[in-house]
Amino acid sequence: MKFAPGLPTAFSDETITSWLYRVFMKSRVVLEDPSLLLADPQRSWVGVNAIAEDLDFNFGSTFIKKALLSLSLDANLAKCFFDLRGIVPVSPSRRTLFCQYCVREDVASGQMPGWRKQWCARDAVMCNCHNVDLSQLLSNPTFQKSWDAFAQTAQPTIVSDIWLRADLQRLRMILMRRIQRWKGFLSVKDARLFGHLYELFLSAPTYNHDAGVAHYFYGRRPARRSCQIITLQDAIFYGVELSDVQARFASQVLAAYVLGGIQEQELSVFRHRCLTYGVKHPEIEEIIPMIRFSCATVDDYCYLHRVLGRFSRKKGSKVDQLFLRFEKTVGVRIFNSSLRFGC
Ligand SMILES: [Zn+2]
């Protein structure tokens, strides 16, 4: 279905701001109010952080309304076309991951590059089309970020990161596909638990605890403290936003491993290849013991208990081993709490 006859066709999965930018850059499209392209999203305070208005997915925003009006387009149709479709996005200012092959192919096909919705997701790691790691935009994300992304890929770079070796990337792609397939069969309750564990393992460092385990999984040492993030709740929310694709990958692997989505043997293959190239990877039997939750206070502990809810905990399973140790070493010993996670 052609959404807007006479205007550039939106790429599959493109965000509305990206498409509008490409439309307005066409010389034949006369923009009544050119200041639209300079639209500065309104900001509001959420806790100690200022969050920008979401111009990509808030179809009630003045920007989108004005832009669609100037093109005489139907707002409801635009919403159907550019809606999130189940994606949970990061904050607008954190939408900085992109696929370098997608933007290059856009330009090779004679069009301006477009920004994809899948890159905005909180669990985005790889491009679904090209099965490669997403790249980090090095400039501030603006309306023209897809063009900035293309310009960045056109710079001469020396790929020295061992993590990006083709065979390691292929193994990561196999693991990610395996996890995605497995997630497709999860119950709503288990899918929610997977999402919570993914976020927990990626939690950001605060003034009184370190970053989540996923940041350390491949032997890296992230910055210890973040003064902007104070509570465990914020650490969990912003951890995903502040994480690179390597930590996001580690966190999904960890969450899937804990919940039985991937097995020891599959992880052993990846571990062996990591060690071959000097990338650190813990022994398989060390994985559960190395996972810790960043609870600095009894309130944090209770918050975690409330957030995780009543998930299924089969005796002897990995998830049982994980929480048994957590309850014993943190709950009972430090907080003198008898709270039991799951049921
Ligand atoms: Zn791609």
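Being a predicted model, the structure only gives us computed values, none of them experimental.

Quick notes on the rules
The written sequence of each chain sets the order in which its residues are numbered from 1. pLDDT decides what is reported in this predicted model: residues at 70 or higher carry local features, side-chain atom pairs at 80 or more are listed and counted, and totals for whole chains, interfaces and linings draw on all residues regardless. Strands are runs of DSSP state E lasting at least 2 residues, helices are runs of H or I lasting at least 4, and numbering of each runs from the N terminus. It is over C-alpha atoms that the radius of gyration is taken, and the globule rule equals 2.2 Å times the number of residues to the power 0.38. With C-beta atoms placed from the backbone, a residue is buried if 20 or more other C-beta atoms are within 10 Å of its own, exposed if 12 or fewer are, and partly exposed between those counts. Note that the domain bounds were set by an automatic or database domain assignment. A pair of residues counts as a contact when their C-beta atoms, built from backbone coordinates, are separated by no more than 7 Å. For this classification, Asp, Glu, Lys and Arg are treated as charged, while Ala, Val, Leu, Ile, Met, Phe, Trp, Tyr, Cys and Pro are nonpolar and the rest, including Gly, are polar. Definition of nonpolar core: a set of buried Ala, Val, Leu, Ile, Met, Phe, Trp, Tyr and Cys residues joined via C-beta atoms within 7 Å. Here a helix's expected span is defined as the number of its residues, less one, multiplied by 1.5 Å. Comment: arc refers to directions from the helix axis out to C-beta atoms. To obtain each axis, a line is fitted to C-alpha atoms, and for helices this fit is confined to the stretch in contact; angles are then taken between N-to-C directions over 0 to 180 degrees. Here the word oblique covers every angle except those under 35 degrees (roughly parallel), over 145 (roughly antiparallel) and from 65 to 115 (roughly perpendicular). In this scheme, a crossing is called left-handed if the near helix is turned counterclockwise away from the far one by less than a right angle; it is called right-handed if the turn is clockwise.

**Regarding the overall build of the chain**
Item 1. When you go through the chain residue by residue, the secondary structure sums to 13 helices and four strands.
Item 2. For the chain, the C-alpha radius of gyration of 22 Å lies close to 20 Å, the compact-globule estimate for 343 residues.
Item 3. Here the chain holds 343 residues, and the buried ones make up 33% of them.

**Structural notes on unusual backbone geometry**
Item 1. Even without being a glycine, S72 presents a positive backbone phi close to 55°.
Item 2. With 7 C-beta atoms packed within 10 Å, S72 lands in the exposed category.
Item 3. The backbone phi angle of N131 is positive, close to 55°, even though this residue is not glycine.
Item 4. Residue placement: N131 occurs in the loop between helix 4 (100-108) and strand 4 (135-136).

**Considering the domain arrangement of the chain**
Note on interface size: it is often stated as the accessible area lost on association of the parts.
Item 1. Each assigned domain of the chain is listed here: domain 1 (16-153) and domain 2 (164-294).
Item 2. Taking the mean C-alpha position of each, domain 1 and domain 2 sit 27 Å from one another.
Item 3. Contact with domain 1, which involves 16 residues of that partner, is made by 15 residues of domain 2.
Item 4. Here the side of domain 1 that touches domain 2 is composed, by residue class, of seven nonpolar, five polar and four charged.

**Quick notes on the environment of V88**
Item 1. With respect to the helices and strands, V88 occurs in the loop between helix 3 (75-82) and strand 3 (97-98).
Item 2. In the structure, V88 is positioned 34 residues away from R122 in sequence and 6.0 Å away in space, judged by C-alpha atoms.
Item 3. Ignoring sequence-local partners within four residues, the contact set of V88 consists of A121 and R122.

**Some points on the nonpolar core**
Item 1. Within the largest apolar cluster, 58 residues are counted, with the highest numbers of intra-cluster contacts made by L134, F201, L254 and A255.
Item 2. Put simply, the parts of the chain that give this core at least two residues each are strand 3, helix 4, helix 6 (166-184), helix 7 (188-201), helix 8 (232-241), helix 9 (245-258), helix 12 (298-308) and helix 13 (318-332).
Item 3. The dominant element in this core, judged by the number of residues it contributes, is helix 9, at nine residues.
Item 4. Of the domains in this structure, domain 1 (16-153) and domain 2 (164-294) are the two that each give at least three residues to this core.
Item 5. F201 has contacts with G212, V213, A214, S251, L254 and A255, leaving out every residue within four places of it along the chain.

**Observations concerning helix 6**
Item 1. Given a rise of 1.5 Å per residue, 19 residues ought to cover 27 Å, and the 27 Å separating the end C-alpha atoms of helix 6 matches this to within 8%.
Item 2. Within helix 6, burial applies to R172, L175 and I179. Seen end-on, helix 6 carries its buried residues on one side only, within an arc spanning 65°. Residues A166, D167, R181 and G184 are exposed on helix 6 and point more than 90 degrees away from its buried face.
Item 3. Each element contacted by the buried residues of helix 6 is listed here: helix 9 and helix 10 (264-276).

**Let's talk about helix 10**
Turn by turn, an α-helix covers 3.6 residues, leaving residues three or four places apart pointing in a common direction.
Item 1. When the terminal C-alpha atoms of helix 10 are compared, their 18 Å separation across 13 residues agrees well with the 18 Å that a helix rising 1.5 Å per residue should span.
Item 2. Positive phi shows up at G278, right after helix 10, with a value of about 80°.

**Some words on the environment of F81**
Item 1. Topologically, F81 is positioned in helix 3.
Item 2. Apart from the residues within four sequence positions on either side, F81 is in contact with F3 and A10.

**So, the packing of helix 7 against helix 9**
Item 1. Where helix 7 contacts helix 9, the axes come no closer than 8 Å and their chain directions differ by 135°. Taken together, the axes of helix 7 and helix 9 are oblique relative to one another. At the point where helix 7 passes helix 9, the crossing takes the right-handed sense. In this structure, helix 7 uses F194, L197, Y198 and F201 to contact helix 9, whose residues at the interface are S251, Q252, L254, A255 and V258.

**A closer look at the environment of L168**
Item 1. In this fold, L168 is placed in helix 6.
Item 2. With 103 residues separating them in the primary sequence, L168 and R271 have C-alpha atoms 10 Å apart.
Item 3. Ignoring any residue separated from it by four or fewer positions in sequence, one finds L168 in contact with W163, R273 and Y277.

**A few points about the packing of helix 6 against helix 10**
The packing of two helices is summarised by the inter-axis angle and the distance between the axes.
Item 1. At a minimum axis distance of 10 Å, the contact between helix 6 and helix 10 shows a crossing angle of 160°. It follows from the interaxial angle that helix 6 and helix 10 lie roughly antiparallel. Note on packing geometry: the crossing formed by helix 6 with helix 10 is left-handed. Residues D167, L168, L171, L175 and R178 of helix 6 pack against E266, V269, F270 and R273 of helix 10.
Item 2. Residue composition of the contact of helix 6 with helix 10, grouped by class: five nonpolar, no polar and four charged.

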